Amino acid sequence: MLNFYLNGRAVSASHLCADTTLLTYLRTHQNLVGTKEGCASGDCGACTVLLGEYVGTQWVYKSVDACIIFVVQLSGKSIITVEALASNGELHPAQAALMAFHGSQCGFCTPGIVMSLVAFYEAKLSQYKTRDNKNQADSPNSMAVTRQEIETALSGNLCRCTGYRPILDAAQAMFDVDRFPRAQNTVKDTVKIWQPKAPACDPQVNNGAPDDVLPRMVSSKKQAWAPTEEAELKRLIQAHPDATLVAGATDFALKVTQQYQSVSKIISLNSIPELTHVDVTDDHIQIGAAVTYAQLTQIFLKYYPEFGVMLNRLGSQQIRNSGTLGGNITNASPVGDTPPVLIALGASLELGGPSGERSLPISQFFISYKKTALMPGEYLRRITIPKLKEKEYLKVYKISKRLEDDISAMLFALKVTIEDAVITAAKSGFGGMAEIPKGSKRLEESITGKPLTENTFEQAQSAIDQDFSPITDVRASAGYRNEVAKGLIIKSGLELLQDSVDAQVVTRVEQIHDCDSLKCLSQGNPLHHPRQHLHQQSQEQPQNLGPTPAQPSLRPSFRPSGDTDAEV
Amino acid sequence: MLKSEQQETTAQIRCRPPKGRMGHKAQHDSAQKHVTGKAIYIDDIVEPKGCLHVAVGGSRFAHAKIKSINLEAVKNAPGVVEVITITDVPGHTDIGPVFPGDPVLVDSVCEYIGQPIFAVAAQSSLEAKQALAFADIEYIECTPILDIDTALAEKYYVRPPHQQKRGDAEQAISEAEHVLSGSQYIKGQEHFYLEGQVSLVVPTEDDGMMVYASSQHPTEVQKLVAEVLGIGINKVQVEVQRMGGGFGGKETQAAPLACIAALLAHKTGRACKYRMTRQDDMIMTGKRHDFQNAYTVGFDKQGIIQGAQITLAGKCGNSPDLSDAIVDRAMFHCDNAYYLNHATVDGIRCKTHTVSATAFRGFGGPQGMMVVEMMMDDIARELGEDPLTVRQRNLYGVIHDHIKTADGSIDPRNETHYGQTVAQQVLPDLMDTLAKSSDYWVRRSEIESFNAHSRYMKKGLALTPIKFGISFTVQHLNQAGALIHIYTDGSIHLNHGGTEMGQGLFVKVAQIVAEAFQVDLERIQVSATRTDKVPNTSPTAASSGSDLNGMAALDACEKIKSDLIEFAADHYAVDASDIHFENNHLVVKKSDDKSKAETVWVPFAEFIQLAYMNRVPLSATGFYKTPKIHYDRAVGKGRPFFYFAHGAACSEVIVDTLTGEYKVLRVDILHDVGQSLNPAIDIGQIEGGFIQGMGWLTTEELSWDAAGKLSSNSPANYKIPAAGDTPIDFRVNLLPQAPNSEATIYRSKAVGEPPFMLAISVWSALRDAVSSLSDYTYSPPMNAPATPECVLNAVLETKSFFVAKNKTEINNDAPKHDAQNIKNKPDVQGGS
């Protein structure tokens, strides 16, 4: 049995093929054709639906791409599609606003855009309720939303017709309840759809359960399981060594949707609490292998600000809601966004397997192109990242053709320790420069022990030519990868040198999000005359190091009309 | 339907103007269906019983002869019902839209990677796709020609070159004070309509086919399906409810899917659906043409062009498709908004072993405009003038007293190099207005000061115009038909030959009909485009949709109205001139008794019922053909365009010169749509067109490997603009009070394609930002798309030019520029 909710109705999917995607299920099995297929690769967002998880006492929803989620990953979850939003003809504010602003042209991307906006709206609403603990639950119009938040919510939705302006405007205006009220007479229906009685499949119930109780799907020699604890997982791996483990499946699903391969055995890690948990200890962050990027964003923004900022450019909102740090590592792509940063941070990996557990520094995990140190039967359990100590700083740069939702052409991470204006330790990580993510020894040696000056970083540029010979591919030429790596070494030096108290300084185009940053630019505050002394910072405020105020912040220039002075 | 009449009293309705008429910001007719997921696209139609799914096996090589084909294993693969090759085609095998060259399935020679060789129908689309791998095809490889240079060297063309000539460019250039040359390579563009190519074909009882297509050209789909099956066109019906985006990509490219699905439907007797996967769509269907452009220009010390020689070479792919007309349109637009005076323009149609390039918003116009906009920037750098000044001096209709014609009179500077007079001069004022409203000159000086103080981040600014010719350059396509019925409840049914792809054509034409009868827009229902309702239609292309179909619909309205008024005059015993439609009513001014005139208001529905009872026809077809246009290809002269649409955009960018990354900060647009039929729809076209053009010139990069295989074959590696790419400060305005000087539908202007080219301002602004590194003395080479990599290359080139130039100047001990100014520009390479 494998059960979940679909638009508030309990459904069983025990009979489906293991590699059935949610999109195929919706369109072919349920004739819910409002959810569209635009690319079947998680790049366009036309298939965006809401996926709910039972957290504490209620269902919490997020946007995901239905095309690259397998049905087996939905065990005990709740799915909402565009068809359920306006059952009695009353539109959700997101729908009404989109119409009012002429936000659809050909309309094919529109259901996906609606779902992303609804996810954003509902998340904001619950944020509002939680934070203020107010009774006027349906009055979120005193909330400020920033353009950056809206762009983030829509980062996984492509529209080829409108140029997005009306959609961005609608996303801002939909919070105005006077103009776009939430449907009142459908509250009962709405509750049924959004908050069905209890989780269809309580993870606790299935502890050590036999196969026929274990959430699984069986069909024509294909099987898929959704174990609910790690012991079950181990048993399944031993019994089915040929099964594929999936956490987010955002890359693995492409084998089915793009290469038309049949996958006969899948084990989903999504329902195992040990693997979906994050621990913050005194010195480390410990992350379960199936923890999503979205779960990590706020934590990283706090402890590794530039990593957190970069995480917001990894994939799209939908991908970050599904994809996992563990998947990014075990997938072992040379252009994965997180491995270079984890290498620079000195992360270690905890592997589980038939002969017990072992730990490995991440720098030793990548062997050659897409080949890792995982032995047969082994799986990634946990990633442990040391926190930044005093005087340690992390710089992270991602280069891609498009700023949002693009795979890196090149990625550079650098962790340095700076004591009395001298670099006393350095660790680097590069993506897109070799067949595996790896650091540059020569760069690290070149700057270690040197004073924090521009000259130090200029001298270090030559390490790139010596340590790397990148390839030319669809994302960039070898020459560009080299040049931009050198440019980023200079930039990292300049940024480390700059007086970081002055958060107005814009040193990267990715920092420009709204009218405030435009204003700041027109006042002429660019990077120049770098100071020779690094501003001393306490460890409690590492977010001041980077010039980017990454957290959603109040932007008076981008606020729904009628808004006063509420803060987010 | 007619809800408002039920809620309002007749008296209330009489006192208010109809809702949603011409010129109102009516919503897209499908807006509510879009947001609720109820709008049906082809793949959403409930599949007919026993429907099969189609997949197509394509060539592995760019250029190869087929030695042998063995498809036995494909036939035996799970789920496969039928497999066909060219030998299974009962009728014509070539489905080239204008000229032959596009076999529906490869006969013997493959000419691009992915060219369809065989087609499979299976129980499921996955089984159909999986079966393809079992094909056993032996090829004899031939040398492919994959780029414009090789094709030019070998004179390998899909169609012969064409030349346009005005005066003697060579002599004018040789006599000019300044001469410059330049060249640029502009890559093509993937349409990336969100709904991929798809066709559903259902056999009919008359041995014909019912085709549900996602096509901008249902009539051509109908004709080609009939031809490949060898049956009459009247046996085939094509219906297009809507497309999930077209952009030119579904003008000719939709037909092969319908033809292949029809061949399989014919063979199996079952419904067949052919929906391309995104990757197949990107590999197997045509895109925008790459162009390699070169110019030589002679100009005076003010930068005014005296003569220009321009060569435009398009990469047409393996077949002519629409390339003749596309390269022609590039030639018609390589002047953009500027008077070239003496000019020679050559357009070359290169054949390459890549998928045949096809129509894409602008249809060659954008690629043609790029060369002259590059020229404007280059002239400005050469003279040390601001590019805007140079652009304004060269505009059509800007008269310079010292520039005379051969007979000594002042040159009116209003005739294009192909002999069409630019009759309505919009741009000189429009550009002035935009320069003021966008604070161009204030920002120019702010940016210069910003750049002088910013070491790595550099800003750029550019204001560029567009002048785009409206009409199909193939004369016979400039016709359209419409069909209108009024039913006895007063509801109106509208159908016309135009297709809806999101551009709002249906609502615009409905507004025209509402205006004609002075009724509420909601009274009008537009139905799917069907070849059996309005026959022999032209593609919905060339921005012509509302111009042509709006006029045809109006013609149908006028016919019905004429009968209605004749009847009413008779019935109410008044003159026809005493009858008119107003506020959802027929208004009759009765004046038989001169002393007391009486006005009778008859509700529209009531009047229609009366007309029906009196046997008045309530249905009519309408027709329209564009007047005045002609072009003599033999001499390269004529008036190919009924009129021109205009606009201008001012874009500001910031460039990170360490990485080549950039961001568009602010865009101001002023655009000429004549008298707008629907300002909301028009603004949507302008914004969307601009962003799509920006994508073409910035992040969207087609890449092909050495074997001729498309490597940018997925949205994962081909990046169209995302929400965050929309300029933070985006100000779009329609040019007010600017009715078309030609008698178009309500004096409006076409708006589909023209705004696309406003995005050239972004490319020019990026070049401007990079040029600042040379103190605006160097015009950096910059191809398109200007990806971060391309921009960084331009940065490096500009720096090395500037370093070399400064060395020379120091050696010559004669610095041309203010020494202080140079000192303020720290040299990046040198460090601090």
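In this text, all values refer to a predicted model and were calculated from it rather than measured experimentally. (Residues numbered from 1 in each chain as written. Chains lettered and ligands numbered in written order. Predicted model: local features only at pLDDT ≥ 70, side-chain atom pairs only at ≥ 80, totals over all residues. Heavy atoms only, no water.)

## Focus: the overall build of chain A
Within chain A, the secondary structure is distributed over 18 helices and 19 strands. Within chain A, buried positions represent 63% of all 568 residues. Residue pairs at least 24 apart in sequence account for 67% of intrachain contacts in chain A once pairs closer than 6 positions are excluded. (Helix = DSSP H or I, 4+ residues; strand = E, 2+ residues; numbered from the N terminus. Buried < 20%, exposed > 50% of the residue type's maximum accessible area, 1.4 Å probe, protein only. Contact = heavy atoms within 4.5 Å.)

## Some details on the overall build of chain B
Across its full length, chain B holds 22 helices and 29 strands. Radius of gyration (C-alpha) of chain B: 29 Å, near the 28 Å computed for a compact globule of 832 residues. If one aligns the C-alpha atoms of chain B with their principal axes, the spans along those axes are about 95 × 85 × 50 Å. In chain B, buried positions account for 66% of the 832 residues. The long-range fraction of contacts in chain B, counting pairs at least 24 apart against all pairs at least 6 apart in sequence, stands at 79%. (Rg over C-alpha atoms; globule rule 2.2 N^0.38 Å.)

## Focus on unusual backbone geometry
Residue and element names in this part refer to chain B. In this chain, A784 is followed by P785 through a cis amide linkage whose omega measures 5°. Residue placement: P785 occurs in the loop between α20 (760–771) and α21 (788–812). Even without being glycine, A542 reaches a positive phi, approximately 55°. Within the secondary structure, A542 sits in the loop between β20 (529–530) and α17 (545–572).

## Details of the interface of chain B and chain A
With 89 residues of chain B at the contact, the number on the chain A side is 88 residues. Here chain B packs against chain A, burying approximately 7,100 Å² in sum over the two surfaces, 58% of which is carbon and sulfur. By the criterion of area lost to chain A, the three top residues of chain B are B:V35, B:L194 and B:I728, representing 10% of everything that side buries. The interface formed by chain B and chain A contains 10 salt bridges. A salt bridge links A:R160 to B:E700, with the nearest nitrogen and oxygen atoms 2.6 Å apart. Taken together, the connections running from chain B to chain A amount to 38 residue pairs in polar contact (both at pLDDT 80 or more). Tallying contributions element by element places helix α19 (residues 679–697) of chain B first for the side of chain B that touches chain A, with eight residues. When grouped by side-chain class, the residues that make up the side of chain B that touches chain A number 36 nonpolar, 32 polar and 21 charged. (Buried area = accessible area lost by both parts, 1.4 Å probe. Salt bridge = Lys/Arg side-chain N within 4 Å of Asp/Glu carboxyl O. Polar contact = N/O pair within 3.5 Å; in protein donor to acceptor, adjacent residues only side chain to side chain. Nonpolar A, V, L, I, M, F, W, Y, C, P; charged D, E, K, R; others polar.)

## Description of the sheet that holds strand β16 (residues 457–470) of chain B
Residue and element names in this part refer to chain B. Here we have four strands laid out as an open sheet, ordered β16-β27-β28-β29, and mixed in their pairing. The open sheet has two free edges, formed respectively by β16 and β29 (729–734), since each of these has just one partner strand. Between one strand axis and the next, the sheet turns by 15° as a mean value, whatever way the strands run. Sheet topology note: the strand β27 (residues 643–656)/strand β28 (residues 662–672) ladder contains 10 bridges and is antiparallel. Bridge pairing links A649 to I669 in β28. (Pairing = 2+ DSSP bridges. Axes fitted to C-alpha atoms, helices over the stretch in contact; angles between N-to-C directions.)

## What about the side chain of B:R767?
Residues and elements named next belong to chain B. Position of R767 among the secondary structure elements: in helix α20. Since its relative accessible area comes to 3%, R767 is described here as buried. A polar contact of 2.9 Å, which involves the side chain of R767, links it to the backbone oxygen of P780. Those residues within four positions of R767 in sequence are excluded, and the remaining contacts are M374, D377, D378, S779, P780 and M782.

## Some words on the packing of helix α12 (residues 365–383) of chain B against α20(B)
Each pair of packed helices gets described by two things: the angle between the helix axes and the distance between those axes. All names here are of chain B. Where α12 meets α20, the closest approach of the two axes is 10 Å, and the angle between their N-to-C directions is 30°. Of the possible angle classes, the one that applies to α12 and α20 is roughly parallel. For α12 against α20, the interelement crossing comes out right-handed. Contacts between α12 and α20 involve P366, M369, M370, E373, M374, D377, D378 and R381 from the former and I760, W763, S764, R767, D768 and S771 from the latter. Of the residues assigned to the contact of α12 with α20, the class counts are six nonpolar, two polar and six charged. (Parallel < 35°, antiparallel > 145°, perpendicular 65-115°, else oblique. Left-handed = near helix turned anticlockwise from the far one by under 90°.)

## Examining the sheet that holds strand β18 (residues 410–419) of chain A
Residue and element names in this part refer to chain A. A sheet is described by the order of its strands in space; here three strands give the open sequence β17-β18-β19, paired in antiparallel fashion. Each having just a single partner strand, β17 (392–399) and β19 (422–431) make up the two edges of the open sheet. Taken pair by pair, the neighbouring strands of this sheet meet at an average axis angle of 15°, ignoring direction. Pairing analysis gives nine bridges linking β18 to β19, with the strands arranged antiparallel. Bridge assignment links A413 to a residue of β19, and that residue is G429. In the packing of helix α13 (residues 338–345) onto the sheet, the strands contacted are β17, β18 and β19, and the crossing angle to β19 comes to about 155°.

## Concerning the nonpolar core
Ranked by internal contacts, the top residues of the largest apolar core, which has 185 residues, are B:F517, B:L564, B:F607 and B:F690. At 14 residues, the largest contribution of residues to this core is made by α17(B). Apart from the residues lying within four places of it in its own chain, the contact partners of B:F690 are B:A649, B:S651, B:V667, B:I669, B:P727, B:F730, B:P755, B:F756, B:L758, B:A759, B:S761 and B:V762. In this structure, A:I80, A:C161, B:V54 and B:V221 belong to the second largest nonpolar core, which totals 105 residues. (Core = buried A, V, L, I, M, F, W, Y, C linked by side-chain atoms within 4.5 Å.)

## What about the packing of helix α13 (residues 387–394) of chain B against helix α14 (residues 427–437) of chain B?
Residue and element names in this part refer to chain B. At their nearest, the axes of α13 and α14 sit 10 Å apart, and the two run at 160° to each other. One way to sum up the angle between α13 and α14 is to call them roughly antiparallel. Helix-helix and strand crossings are classified by hand; for α13 and α14 the assignment is left-handed. Residues L388, R391 and Q392 of α13 form the contact with α14, whose participating residues are M431, D432 and A435.

## Side note on the pattern of salt bridges
Using the criterion set out here, one finds 81 salt bridges over all chains in the structure. One salt bridge in this structure joins B:D43 and B:K273, with 2.7 Å as the shortest N-O distance. With B:D43 in the loop between α3 (31–36) and β1 (52–58) and B:K273 in strand β12 (residues 272–275), this pair connects stretches of sequence that are 230 residues apart. Among the charged side chains, a salt-bridge network with shared partners connects A:R27, A:K36, A:E37, B:D43, B:D44, B:E47, B:K273 and B:R275.

## Brief notes about the packing of aromatic side chains
All names here are of chain B. The full count for this structure, using the stated rule, is 33 aromatic pairs over all chains. Here the aromatic cluster, defined as three or more aromatic residues joined through ring pairs, consists of F332, Y418, Y631, F641 and F644. Here the guanidinium or amino end of K315 rests over the ring plane of W704, the centre of that ring lying 4.6 Å away. Its guanidinium or amino end placed over the ring of F450, K459 lies 4.7 Å from that ring's centre, counting from NZ or CZ. (Phe/Tyr/Trp six-rings, centres within 6.5 Å; stacked < 30°, edge-to-face > 60°. Lys NZ or Arg CZ within 6 Å of the ring centre and 35° of its normal.)

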